[in-house]
Structure formats: C-alpha cells, structure tokens
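Topology and contacts: notes
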Amino acid sequence: IISNENLQIDEEVFCLPNLKKLEIENTPIKKIPDAILNCERLYHLSVYSCVKNFEISPEVGNLSKLDYLELSGKGIKNINFEFTNLKNLKDLIISNTSITEIPDSICECFKLNSLIINDSPVKELPVNIGNLKALYKLDLEYTNISKLRRSISNLKKLEYLYIPETVNVPLIFE
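Attention in this report is confined to the structure presented alongside it. Here the residue numbering is sequential within each chain, running from 1 through the sequence in written order. Where totals are concerned, whole chains, interfaces and linings use all residues; where local detail is concerned, this predicted model gives features only for residues with pLDDT of at least 70, and gives and counts side-chain atom pairs only at 80 or more. With hydrogens and water stripped out, all remaining heavy atoms of the structure feed into the side-chain values.

**A closer look at the environment of Asn 62**
Position of Asn 62 among the secondary structure elements: in the loop between strand 5 (55-56) and strand 6 (68-72). When a residue's accessible area, from a 1.4 Å probe over protein chains only, is under 20% of the maximum for its type it is buried; when over 50% it is exposed; and in between it is partly exposed. A relative accessible area of 33% places Asn 62 in the partly exposed class. When the C-alpha positions of Asn 62 and Lys 87 are compared, they lie 9.7 Å apart, and in sequence the two are 25 residues distant. Contact partners of Asn 62, with chain neighbours within four places excluded, come to Leu 37 and Asn 85. Reaching out from Asn 62, the side chain makes a polar contact with the side chain of Asn 85 at a distance of 2.8 Å. Strands are runs of DSSP state E lasting at least two residues, helices are runs of H or I lasting at least four, and both sets are numbered from the N terminus onward. What makes two residues a contact is simply this: any of their non-hydrogen atoms within 4.5 Å. The term polar contact refers here to a pair of N or O atoms within 3.5 Å; inside protein, the definition further demands a hydrogen-donor-capable atom paired with an acceptor-capable atom, and it admits residues adjacent in sequence only when both atoms are side-chain atoms.

**A look at the state of the cysteines**
Cysteine sulfurs are considered disulfide-paired once they come within 2.5 Å of each other. The full count for this structure, using the stated rule, is 0 disulfides. Cys 39 supplies the cysteine sulfur nearest to Cys 15, a cysteine that is in no disulfide, at a spacing of 7.2 Å. Looking at the unpaired Cys 107, the closest cysteine sulfur is the one in Cys 109, lying at 8.5 Å. Exposure remark for Cys 107: the relative accessible area of 4% places this residue in the buried category.

**Notes on the side chain of Ser 95**
Here Ser 95 lies in strand 7 (residues 91-95). For Ser 95, the residues in contact, after removing those within four places along its chain, are Leu 71, Ser 72, Gly 73, Asn 118, Asp 119 and Ser 120.

**A look at the pairing of strand 7**
Burial within strand 7 is extensive, with 4 of its 5 residues counted as buried. Direction of pairing for strand 7 relative to strand 8 (residues 114-118): parallel, over a ladder of 5 bridges. Note that in strand 8 the partner of Asp 91 across the bridge is Ser 114. In this scheme, strands are said to pair when DSSP sees at least two bridges between them.

Take a look at the structure:
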C-alpha cells in the first residue's frame, strides 16, 4: 500500500514482476505509467487520487490477471483503457470520480460479479450490460443515470440492484 501525500514514486516501482497487490492512496503521483504492464502477476489494483487530471495508462487493460479494480477520487476523469483483456476481472468499483462514461468493452468481462459505480457522474450504462451473466451486484448510487437498459433483464444472477433516485421508475427500461 502506497499512501503518503509527499511521497514521490519512481516508475521502477511499476517494474516488479511478482507484485500481486497495489493500492495507491493520497499520493502526488499524477499517473499510472505504461510500466504497470511489467507487474504481470498483479491481481488487485486500487487507486485513490485527487490529483487533477490523473492519468491511467492504457496498459492497465492488459493486466490479464487483474480480478479487482478500484478507481476512486475526483482526479480520475476517464477510463482510457479497454476491458477486453481483463478476462479475470470480478470486481470493479468506480467511486467518487469525475468519470462520465463506462466503456462498452466492460461487457466483455464475463466473470464480473460486482459492478459498483457510485458518487460519479456516469450518465448511462453500456449498451450490452446484459452480457455480464455472472453479475450479482449492480450498485449505481449517486450517478446521473436516468434509465436502465432493457438488456439488464438478462442478468439472471443479479441479487442486488441499487437504482438511483434519478431513475424515473415508470421509465426504468428504455
């Protein structure tokens, strides 16, 4: 766990091939560099950043062992990587960010069990959200989502669904 407001981190930290868990909290780090790809065994990545315009390397989308990803903090404005190669991703948490859009490629994470998007201005779910057949928890608390996609009815394992108050209940499915 890296947590220190004054800590400067050399990119070489991201060149540890046996690193399995990385949590970055309240540091002045401005980006996750491309060197993150060297962390071949990384299965848990948690980032909390309030650094303005925090950047996440597109290489995060190539961390094939990743099963837990948490992105938190208002400094995170977008997801600039594809989820296509994150075949083992089971938990995705997007919390207290400035992210407005979730990439459609998230719908290729067929092992995804839990999708939590809260306190972020996300406007809509991806079109193919119903492809996430393993999803049992979908939490959309404090988002700007006003409609749920019809394909959500394909989520047969869904046990927990938190619908934000911004959703007009009679118009729940578009």
